[in-house]
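# Structure assessment
Here are the chains, one letter per residue:
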Amino acid sequence: MSWSALLAQWALIEADLHDVYGIDVEDRTLMRTRSWRWLQTRILGLLAADTRTYRALAPEPELPEIPGQ
């Protein structure tokens, strides 16, 4: 998955960052004191949890084939 595809879901990421980590991305003071790596780690963490972001980007599960159908 590319960062452009991921960041296209920014509204979901923003909501999940607040719900999961308590991060308000509109807090300019906080965001200016943090590194890109800090934010990247948390965004990637959203993909490892049951979040809006994960659900929007998760691949559809493959269903097993049923013989005879």
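Provided above is the structure to which this section pertains.
Not measured: the values here are computed from a predicted model. Residue positions within a chain follow its written sequence, with the count starting from 1. Per-residue local features are limited, in this predicted model, to residues with pLDDT of at least 70; the limit for side-chain atom pairs, both in listing and counting, is 80 or more; totals at the level of whole chains, interfaces and linings are taken over all residues. Side-chain numbers come from the whole structure's heavy atoms, not from hydrogens or water.

## Details of the overall build of the protein
Defined as follows: Starting at the N terminus, helices and strands are each numbered in turn, a helix being any DSSP run of H or I of at least four residues and a strand any DSSP run of E of at least two. Values of the radius of gyration come from C-alpha atoms, whereas the globule rule sets the reference at 2.2 Å times the count of residues to the power 0.38. Any two residues whose heavy atoms approach within 4.5 Å at even a single point are treated as in contact. Using the Shrake-Rupley algorithm and a 1.4 Å probe, accessible areas are obtained, with residue cover drawn only from the displayed protein chains. Positive: Lys, Arg. Negative: Asp, Glu. His and the chain ends are not part of the count. Here the site of a charge means NZ on Lys, CZ on Arg, CG on Asp, or CD on Glu.
The number of helices and strands found in the protein is 5 helices and 0 strands. Listed N to C, the secondary structure of the protein is α-α-α-α-α in terms of helices and strands. Against the compact-globule benchmark of 11 Å for 69 residues, the protein has a radius of gyration of 16 Å, which places it well outside the compact range. C-alpha atoms of the protein, sized along the principal axes, occupy 60 × 20 × 15 Å. Across the protein, contacts joining residues at least 24 apart in sequence account for 56% of those joining residues at least 6 apart. Just so you have it, the protein exposes about 5300 Å², and 52% of that area is on carbon and sulfur atoms. The protein carries 7 positive and 10 negative side-chain charges, and their two centres are separated by 13 Å.

## Describing helix α2 (residues 10-21)
Rules: A helix is expected to span 1.5 Å multiplied by its residue count minus one.
Compared with the 16 Å implied by 1.5 Å per residue over 12 residues, the 15 Å span of α2 between its first and last C-alpha is a close match. Tucked into the core, α2 has its buried residues touching α1 (3-7), α4 (36-46) and α5 (52-57). Just past α2, the residue glycine 22 takes up positive phi, approximately 70°.

## Details of α4
For clarity, the cut-off: Per-residue accessibility, obtained with a 1.4 Å probe over protein chains only, is compared with the maximum for each type, and a residue is labelled buried under 20%, exposed over 50%, and partly exposed between these values. In this context, the arc is that of the directions from the helix axis out to the C-beta atoms.
Within α4 the residues assigned to the buried category are Trp38, Leu39, Ile43 and Leu46. Summarising the axial view, the buried residues of α4 lie within an arc of 130°, below the 170-degree limit, and thus occupy one face. On its buried face, α4 is in contact with α1, α2, α3 (28-33) and α5.

## Regarding the nonpolar core
Note the cut-off: Residues belong to a common nonpolar core when they are buried Ala, Val, Leu, Ile, Met, Phe, Trp, Tyr or Cys residues joined through side-chain atoms within 4.5 Å.
Formed by Leu6, Ile13, Leu17, Ile23, Val25, Trp38, Leu39, Ile43 and Leu46, the largest nonpolar core amounts to 9 residues. Among the secondary structure elements, those contributing two or more residues to this core are α2 and α4. Looking at which element gives the most residues to this core, the answer is α4, with 4 residues. Contacts of valine 25, omitting those with residues within four sequence positions, involve Trp10, Glu14, Leu17 and Met31.

## Quick notes on a nonpolar patch on the surface
Cut-off, in case you're wondering: Patch membership requires more than 30% relative accessible area and the absence of a salt bridge. Residues of like charge join within 9 Å; the nonpolar side chains Val, Leu, Ile, Met, Phe, Trp and Tyr join within 5 Å. Every case where a carboxyl oxygen of Asp or Glu lies within 4 Å of a side-chain nitrogen of Lys or Arg is listed as a salt bridge.
On the surface, Leu7, Trp10 and Trp36 cluster together into a nonpolar patch covering about 290 Å² of accessible area. Locating tryptophan 36 in the fold gives a position in helix α4. For tryptophan 36, a relative accessible area of 47% gives the class partly exposed.

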